[in-house]
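# Fold and contact review
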Amino acid sequence: MPTDLSHALSISTLGTAGIAVATFIVLGLALLTSLVDRRFAAQTLEVQEEKLQQSEAYLSEAQRLSHTGSFGWRASTGEILWSEETFRIFQYDKTTKPTVELILQRVHPGRRRARATDHQARCAGWKDFDLNIALLIPDGSSNMSTLWLMP
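About the cut-offs
Residues numbered from 1 in each chain as written. Predicted model: local features only at pLDDT ≥ 70, side-chain atom pairs only at ≥ 80, totals over all residues. Heavy atoms only, no water. Helix = DSSP H or I, 4+ residues; strand = E, 2+ residues; numbered from the N terminus. Buried < 20%, exposed > 50% of the residue type's maximum accessible area, 1.4 Å probe, protein only. Contact = heavy atoms within 4.5 Å. Areas by Shrake-Rupley, 256 points an atom, 1.4 Å probe, with all protein chains shown as cover. Salt bridge = Lys/Arg side-chain N within 4 Å of Asp/Glu carboxyl O. pLDDT = per-residue confidence, 0-100. Polar contact = N/O pair within 3.5 Å; in protein donor to acceptor, adjacent residues only side chain to side chain. Expected span 1.5 Å × (residues − 1). Pairing = 2+ DSSP bridges. Core = buried A, V, L, I, M, F, W, Y, C linked by side-chain atoms within 4.5 Å. 1 Å grid on protein atoms, 1.4 Å probe; cavity = no way out; pocket = protein on both sides within 12 Å on 5 of 7 lines; lining within 4 Å. Points joined across faces, edges and corners; volume = space filled by probe spheres on them. Nonpolar A, V, L, I, M, F, W, Y, C, P; charged D, E, K, R; others polar.

So, on to the overall build of the chain. The number of helices and strands found in the chain is 4 helices and 4 strands. N-terminal to C-terminal, the α/β element order of the chain is α-β-β-α-α-α-β-β. Counting every position in the chain, which comprises 151 residues, the buried fraction comes to 17%. Relative to all contacts within the chain whose residues are 6 or more apart in sequence, the contacts with residues 24 or more apart total 21%. As displayed, the chain has an accessible area near 12,000 Å², and 61% of this comes from carbon and sulfur atoms.

Structure, rendered in structure tokens:
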């Protein structure tokens, strides 16, 4: 049985061209919107990076003026990060890779075991705490420092 096409619409060539043009206009507007959005996102990222750099500069200057260092630990890699002032306090060159062993080298020999045990016990409780340590400096002087630890 042949198909009944008596109610079907016939689209002219002009109609087909109109549909194609409308499709390309919508596609072009979508691409344009995407490009504008990317540009705004890139500008926002640049502004955020500038603010971060400024904030880091302020922190570095505040640490230098107050003789306060900061450090962090990336648990996923075990990497220890030190601020410039922490390198200065411990009197290590900035190219030195920070390790727990380097910190313990500066702690007074009579207090190393006690401080390591104290640190482990406090970290086991997973609470913030401060730790006063006497640092031995290579020139023979001693520097009393407080470390605020937030596991």
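Here we take up the pattern of salt bridges. Applying the stated criterion across every chain, the model contains 3 salt bridges. The salt bridge partner of E85 is R88, with a shortest N-O separation of 2.6 Å. On the criterion of helical spacing, the pair formed by E85 and R88 is a turn pair, its members being 3 residues apart in helix α2 (residues 84-90).

The next point concerns the confidence of the model for the chain. Taken over all residues, the pLDDT of the chain has a mean of 80, while the share at 70 or more is 76%. Per-element mean pLDDT across the chain ranges from 55 in helix α4 (residues 112-124) up to 95 in helix α1 (residues 13-66).

Let's shift gears to the side chain of T86. With respect to the helices, strands and loops of the structure, T86 is situated in helix α2. Exposure remark for T86: the relative accessible area of 3% places this residue in the buried category. For T86, the side chain forms a polar contact with the side chain of S83, separated by 3.0 Å. Once residues within four sequence positions are removed from consideration, T86 is found in contact with G69, S70 and F71.

Its 54 residues give α1 an end-to-end C-alpha distance of 79 Å, which sits within 8% of 80 Å, the value for a rise of 1.5 Å per residue. Among the residues trailing α1, H67 stands out with phi positive, at a value near 55°.

Residues I80 and W82 of strand β2 (residues 79-82) are buried on one face, while the alternating residues E79 and L81, pointing to the opposite face, are not. Examined bridge by bridge, strand β1 (residues 71-74) and β2 share 4 bridges and lie antiparallel to one another. Bridge pairing in β2 links G72 to L81. Connecting the antiparallel pair β1 and β2 is a turn made up of 4 residues, with G78 showing a positive phi of about 80°.

Judged by nonpolar contacts, I80, W82, F87, I89, F90, Y92, L102, I103, V107, L135 and I137 together constitute the single largest core of 11 residues. Elements represented by at least two residues in this core include exactly β2, α2 and α3 (100-106). A per-element tally of this core places α2 first, with 3 residues.

Classification of E85 as buried rests on a relative accessible area of 6%. Among residues more than four places away in sequence, those in contact with E85 are Q63, R64, H67, T68 and G69.

Moving on, we get to the layout of surface pockets. Estimated volume of the second largest pocket: approximately 200 Å³. Of all the elements in the fold, those that place two or more residues in the lining of the second largest pocket are α1, β1, β2 and α2. Element by element, the count of residues in the lining of the second largest pocket is highest for α1, at 4 residues. A per-class count over the lining of the second largest pocket returns 4 nonpolar, 5 polar and 3 charged.

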